Amino acid sequence: MSKSSNITWHEAAITKEDRHRHNGHGSCVLWFTGLSGSGKSTIANAFSSHLFQEGISEYVLDGDNIRHGLNKDLGFSDEDRSENIRRIGEVAKLFVDSGAIVTTAFISPFRSDRQLVRDLFAEGEFIEVYVHCPIEECERRDPKQLYAKARRGEIKDFTGIDSPYEEPLAPEITIRSDLASVEEAVNIIKQYLIEKKVI
Ligand SMILES: Nc1ncnc2c1ncn2[C@@H]1O[C@H](COP(=O)(O)OP(=O)(O)OP(=O)(O)O)[C@@H](O)[C@H]1O
Ligand SMILES: Nc1ncnc2c1ncn2[C@@H]1O[C@H](COP(=O)(O)OS(=O)(=O)O)[C@@H](O)[C@H]1O
């Protein structure tokens, strides 16, 4: 018997569509994926700040921060990364239901995990943003000196070194963060949301 067999789903009094009308904009998840140091957090925060200034309901879910709280029981094995992404997917869905434009900044290295999250959402609500940056450039940036530690063998299972990163095959948006500035990246994402009539 499933653990949820004695639990009933309650319909909410206020729907997502009510919130869209109230807010004057739609909601979605911008699911950033890319190597450590590719610029996910930097671009996600710049974009969210831009939305905030425009009076749009927004929130950023960031890998490092979530791993201090909700997911502090998880490490970096393949299984733990999958569970990390599964939980974040469910949290992102709640934010989208609340009417916000939620940006997530997790490496999310496995295609199958990203697909499972995509499947939680209605058509058009899940927007995969591939923050593409060659590993050589990520390693040159190394803002947290983690690549250096991984090369010295002080961190095991580090993405791109001794743990895989599976590139998205058909992301809605690709940003080459070694070529585009943060400001240009923000504009690319903004134009996409305008084109899709989310904002
Ligand atoms: N065009 C750019 N876009 C984004 N970040 C850039 C760019 N150019 C330089 N950077 C720098 O690269 C670094 C990216 O670090 P950031 O923490 O945003 O990466 P991340 O992908 O979130 O990594 P992690 O998965 O480790 O959290 C920052 O120091 C940022 O200032
Ligand atoms: N072995 C590791 N591989 C990748 N990132 C690591 C590792 N150990 C620590 N980190 C840190 O943890 C962050 C990545 O966490 P997540 O985005 O939550 O990863 S994910 O693979 O499960 O999606 C990176 O910002 C990096 O600072």
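Counting starts from 1 at the beginning of each chain's written sequence and moves along it residue by residue. All chains are assigned letters beginning with A, and all ligands numbers beginning with 1, in the order in which they are written. Per-residue local features of the predicted model are confined to residues with pLDDT of at least 70, and side-chain atom pairs are confined, for both listing and counting, to 80 or more; whole-chain, interface and lining totals are unaffected and use all residues. The basis for every side-chain value is the complete set of heavy atoms in the structure, and neither hydrogens nor water enter the calculation.

Asks: Any chance you could explain the environment of Leu193 here in plain terms?
Replies: Only DSSP runs of H or I with at least four residues qualify as helices, and only runs of E with at least two residues qualify as strands; both kinds are numbered from the N terminus onward. In this fold, Leu193 is placed in helix 8 (residues 182-195). Residue Leu193 is classed as buried on the basis of its relative accessible area, which comes to 0%. Once the C-alpha coordinates of Leu193 and Leu30 are considered, the two residues, 163 residues apart in sequence, prove to be 9.8 Å apart. Exposure classes here rest on a 1.4 Å probe applied to the protein chains alone. A residue is buried below 20% of its type maximum, exposed above 50%, and partly exposed in between.

Asks: What is the right way to read the site of ligand 2 from this model?
Replies: Close contacts around ligand 2 come from 17 residues, with Arg67, Arg81, Asn84, Ser108 and Lys144 the closest. Two N or O atoms form a polar contact when they lie within 3.5 Å of each other; inside protein one atom must be a possible hydrogen donor and the other a possible acceptor, and for residues adjacent in sequence the pair counts only when both atoms belong to side chains. Within the side chain of Asp64, an N or O atom sits 3.2 Å from an oxygen atom of ligand 2. Between ligand 2 and Lys156, the relevant distance is 3.4 Å, taken from a nitrogen atom to a main-chain nitrogen or oxygen of the residue. The element contributing the most residues to the shell around ligand 2 is helix 4 (residues 78-97), with 3 residues. All residues other than Ala, Val, Leu, Ile, Met, Phe, Trp, Tyr, Cys, Pro, Asp, Glu, Lys and Arg, Gly among them, are scored as polar; the first ten of these are nonpolar and the last four charged. Considered class by class, the residues forming the shell around ligand 2 number 8 nonpolar, 3 polar and 6 charged. Whether a residue is near a molecule or strand depends on its heavy atoms: if one lies within 4 Å, it is near.

Asks: How do you make sense of the UniProt feature "active site" (unreviewed entry) in the chain when you look at a structure like this?
Replies: UniProt positions are given in the numbering used here, feature names are shortened, and annotations may be inferred rather than shown by experiment. Taken from the UniProt record, the annotation "active site" (unreviewed entry) applies to Ser108. If you trace the backbone, Ser108 turns up in the loop between strand 3 (101-105) and helix 5 (111-118). Overall, the relative accessible area of 2% leaves Ser108 in the buried class. Here Ser108 is in contact with Trp31, Phe32, Thr33, Ile85, Arg114 and Tyr165, once residues within four sequence places are set aside. Among the polar contacts made by the side chain of Ser108, one reaches the side chain of Trp31 at a distance of 3.0 Å. Contact criterion: two residues are considered in contact whenever any of their non-hydrogen atoms come within 4.5 Å of each other.

Asks: What should I look at first to understand the pattern of salt bridges in this one?
Replies: A side chain with one charge can pair with a side chain of the opposite charge if their charged atoms come near. Just to be clear on terms, a salt bridge is a Lys or Arg side-chain nitrogen sitting within 4 Å of an Asp or Glu carboxyl oxygen. Under the counting rule described, the total for this entry stands at 14 salt bridges. The network of salt bridges with shared partners includes Asp73, Glu83, Arg86 and Arg87.

Asks: Would you take a moment to explain the site of ligand 1 for this structure?
Replies: Every one of the 18 residues lining ligand 1 counts as a neighbour, but Ser36, Gly37, Lys40, Thr42 and Ala180 are closest to it. In the model, an oxygen atom of ligand 1 is placed 3.0 Å from a nitrogen or oxygen of the Gly39 main chain. In this structure, Thr42 approaches ligand 1 through a side-chain N or O atom, which is 2.5 Å from an oxygen atom. Here the open area of atoms and residues is found with the Shrake-Rupley method and a 1.4 Å probe, where only the protein chains shown may cover a residue. In isolation ligand 1 offers 640 Å² of accessible surface; the protein chains occlude 76% of this area. With 4 residues, the single largest contributor to the shell around ligand 1 is helix 2 (residues 40-53). Here the residues of the shell around ligand 1 are counted per class, giving 6 nonpolar, 8 polar and 4 charged.

Asks: So what exactly am I meant to see when it comes to the sheet that holds strand 5 (residues 173-176) here?
Replies: Paired through their backbone hydrogen bonds, the strands of a sheet run either parallel or antiparallel. Two strands are counted as paired when DSSP detects at least two bridges linking them. Strand order in the open sheet formed by 5 strands is 2-3-1-4-5, with parallel pairing between adjacent strands. Each edge of the sheet is formed by a strand with only one pairing partner; in this case those strands are strand 2 (58-62) and strand 5. Strand-to-strand twist in this sheet, taken as the mean axis angle between neighbours without regard to direction, amounts to 20 degrees. In terms of strand pairing, strand 1 (residues 28-33) meets strand 3 through 5 bridges, oriented parallel. Counted as the bridge partner of Phe32 is Ala105 from strand 3. Where helices are involved, their axes are fitted lines through C-alpha atoms of the stretch in contact, as for all axes, and angles between N-to-C directions lie from 0 to 180°. Helix 4 contacts strand 1, strand 2 and strand 3 of the sheet and is inclined by roughly 150 degrees relative to strand 1.

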